[in-house]
Amino acid sequence: MPVELAVTLIRAVNTHTLTREEIDALLQTEGEQAKALYRAADQVRAEHLGEEVHLRAIIEFSNYCVRNCLYCGLRRDNRLLTRYRMAPEEILAAARQARDEGYWSIVLQSGEDPAYTVDDLAGLIQRIKEKLDVAVTLSLGDRSRDDYRRLRDAGANRYLLKHETADPALFARLRPGTTLERRLQELRWLEELGYQVGAGNMIGLPGQTVETLVSDILLLKDLCVEMAGIGPFIPHPDTPLATSPAGSLEMTLKVLAITRLLLPHTHLPATTAVATLDPAGRRRALQAGANVVMPDLTPAPYRQHYDIYPGRGRPAGEGAASFAWWEREMAAIGRKVAIGYGHILRDDGFHGVVDGHRRPC
Ligand code: SF4
């Protein structure tokens, strides 16, 4: 390995800083050099977050969406998709099943579906928080600041709102009718309102360059997010990007690893998209900086229809998304499943139980 690269990695492990040029160079590494990057990220993960892997049970309760993002199978104009909405009682039952299974953290995810009013959602969150001892993450897309406030007041702990790409022109092209500027504004609102905030981006989007990925990583650092979902673009056959090539696993792992070097305390999932691209993808991500897995606990009649990209599904043998299955899977790579809400943990002992304006960096 070139001395310069080794020095860069040692400094990044210790100071969590990298210049734009250094990130660019790391993104171009291959073979043994890329492996050295993954090892450095794994070292930072182990030093700051330990061997625990946090499980977040995800419940995808509606695949209706008013948006028309070019890359997404849930887009409004995809008439081939069987649409569904789960009733609040069904969502509560799914959350209860996740808790009974052993999960301490649930994610409620949907397309942008105004059929659920803020009152519906706030009422649901309140009931979940009253009846079940779980942390609640929301992933519902764009809402007004007042809606975010109402949902936070109802008890939601975290909000995932991926920035998707740091290139404003690409963002506007891929997500018609929306802007990166507005999304960043919403991320700031979420932080002000005391959510633990998640952003994240896709790797391999048509029109994306290495320079864009550098900006994505630096934006995550700048936002100082508590969570970042980094996954490959996977083309969906019923979208305008059907014939575009998928993002690569290696580039996804490099972006993930560099993000870990810069954000030692941020929760980084080994995404389902990584596992979809390659059966070994999830394990490799967990060995390149990731510390979170999000098993899909959407009830069986609906699960197959949350078709944002093809090939999603539970890994073979996962059974009923059982906690025990994940404990065995993590033990096989020398890791263990975390017990608890999985709030952000910093070296100074802050454990995020009282979440508020505490940032991971
Ligand atoms: S990416 Fe999100 S907002 Fe866009 S179409 Fe898909 S579900 Fe809707």
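## Describing the overall build of the chain
Summing up its helical and strand segments, the chain has 14 helices and nine strands in all. Relative to the compact-globule value of 21 Å for 361 residues, the chain shows a C-alpha radius of gyration of 19 Å, a close match. Principal-axis analysis of the C-alpha atoms places the extent of the chain at approximately 60 × 45 × 40 Å. The burial tally for the chain puts 58% of its 361 residues in the buried class. Long-range contacts, defined as pairs at least 24 residues apart, comprise 75% of the intrachain contacts of the chain with a sequence gap of at least 6.

## Examining the site of the ligand
Looking at the ligand, the residues that line it are C65, R67, C69, Y71, C72, L74, R75, G111, E112 and R175. Considering only residue class, the shell around the ligand consists of five nonpolar, one polar and four charged.

## Some points on the packing of aromatic side chains
As enumerated under the stated definition, the model contains seven aromatic pairs in all. Arranged with centres 4.8 Å apart and planes meeting at 25°, the rings of Y84 and Y302 form a pair that is stacked. Taken together, the positions of Y84 in the loop between β2 (57-62) and α4 (88-101) and Y302 in helix α13 (residues 300-303) put the pair 218 residues apart, joining distant regions of the chain. Classification of Y84 by relative accessible area gives buried; the value is 5%. Y302 sits in the buried class, given a relative accessible area of 17%. Centre to centre, the rings of W325 and W326 are 4.8 Å apart; their planes meet at 85°, and the pair counts as edge-to-face. When sorted by exposure, W325 lands in the same class as W326, which is buried. Taken together, the ring pairs connect Y148, Y159 and Y195 into an aromatic cluster. Between the NZ or CZ atom of R85 and the centre of the ring of Y64, over which it lies, the distance is 3.7 Å.

## Examining empty space enclosed by the protein
One simple way to see leftover space: roll a probe sized like a water molecule over the atoms. By the definition in use, this model includes four cavities of 30 Å³ or more. Taken together, H54, L55, R56, G102, Y103, W104, S105, F323, A338, G340, Y341 and G342 make up the lining of the largest cavity. In the lining of the largest cavity, the residues fall into six nonpolar, five polar and one charged.

## Topic: the pattern of salt bridges
Under the counting rule described, the total for this entry stands at 22 salt bridges. The salt bridge partner of D77 is R79, with a shortest N-O separation of 3.7 Å. The network of salt bridges with common partners includes D42, R45, E51 and R335.

## With respect to the sheet that holds strand β1 (residues 52-55)
Note: strands within a sheet are paired through backbone hydrogen bonds, in either parallel or antiparallel orientation. Read across the sheet, three strands follow the order β8-β1-β9 without closing on themselves; strand pairing throughout is parallel. At either end of the open sheet lies a strand with only one pairing partner, and these are β8 (292-293) and β9 (336-337). As defined by bridge partners, β1 adjoins β9 across two bridges and the pair is classed as parallel. Considered in β9, the bridge of E52 is made with K336.

## Observations concerning the sheet that holds β2
Taken in spatial order, the six strands of this open sheet run β2-β3-β4-β5-β6-β7, and their pairing is parallel. Edge positions in the sheet fall to β2 and β7 (227-232), since each has one partner strand and no second. Looking at each pair of strands side by side, their axes are set apart by 20° on average, direction ignored. Strands β6 (196-203) and β7 of the sheet are contacted by helix α9 (residues 210-223), whose axis makes an angle of about 175° with β6. Those strands touched by helix α10 (residues 249-262) are β6 and β7, and its axis lies near 165° from that of β7.

## A word on the side chain of T8
Relative to the helices and strands, T8 is located in helix α1 (residues 3-15). Classification of T8 as buried rests on a relative accessible area of 10%. Once residues lying within four places of it in the same chain are set aside, the contact partners of T8 are L18 and E22.

## Observations regarding the nonpolar core
Among the nonpolar cores identified, the biggest contains 108 residues, and L108, I128, L138 and Y195 are the most heavily contacted of them. Top element by residues in this core is α10. It accounts for nine residues. Ignoring sequence-local partners within four residues, the contact set of L108 consists of I59, F61, I91, L124, I128, V136, T137, L138, S139 and L140. Among the nonpolar cores identified, the runner-up in size contains six residues, and V107, M227, V292 and M294 belong to it.

## Some words on α9
Under the 1.5 Å per step criterion, the end-to-end length of α9 is 20 Å for 14 residues, consistent within 8% with the ideal 20 Å. Along α9, the residues classified as buried are T212, L213, V214, D216, I217, L219, L220 and L223. Two residues or fewer past α9, C224 is found with a positive phi of approximately 55°.

Conventions and cut-offs
Residues numbered from 1 in each chain as written. Predicted model: local features only at pLDDT ≥ 70, side-chain atom pairs only at ≥ 80, totals over all residues. Heavy atoms only, no water. Helix = DSSP H or I, 4+ residues; strand = E, 2+ residues; numbered from the N terminus. Rg over C-alpha atoms; globule rule 2.2 N^0.38 Å. Buried < 20%, exposed > 50% of the residue type's maximum accessible area, 1.4 Å probe, protein only. Contact = heavy atoms within 4.5 Å. Near = heavy atom within 4 Å. Nonpolar A, V, L, I, M, F, W, Y, C, P; charged D, E, K, R; others polar. Phe/Tyr/Trp six-rings, centres within 6.5 Å; stacked < 30°, edge-to-face > 60°. Lys NZ or Arg CZ within 6 Å of the ring centre and 35° of its normal. 1 Å grid on protein atoms, 1.4 Å probe; cavity = no way out; pocket = protein on both sides within 12 Å on 5 of 7 lines; lining within 4 Å. Points joined across faces, edges and corners; volume = space filled by probe spheres on them. Salt bridge = Lys/Arg side-chain N within 4 Å of Asp/Glu carboxyl O. Pairing = 2+ DSSP bridges. Axes fitted to C-alpha atoms, helices over the stretch in contact; angles between N-to-C directions. Core = buried A, V, L, I, M, F, W, Y, C linked by side-chain atoms within 4.5 Å. Expected span 1.5 Å × (residues − 1).

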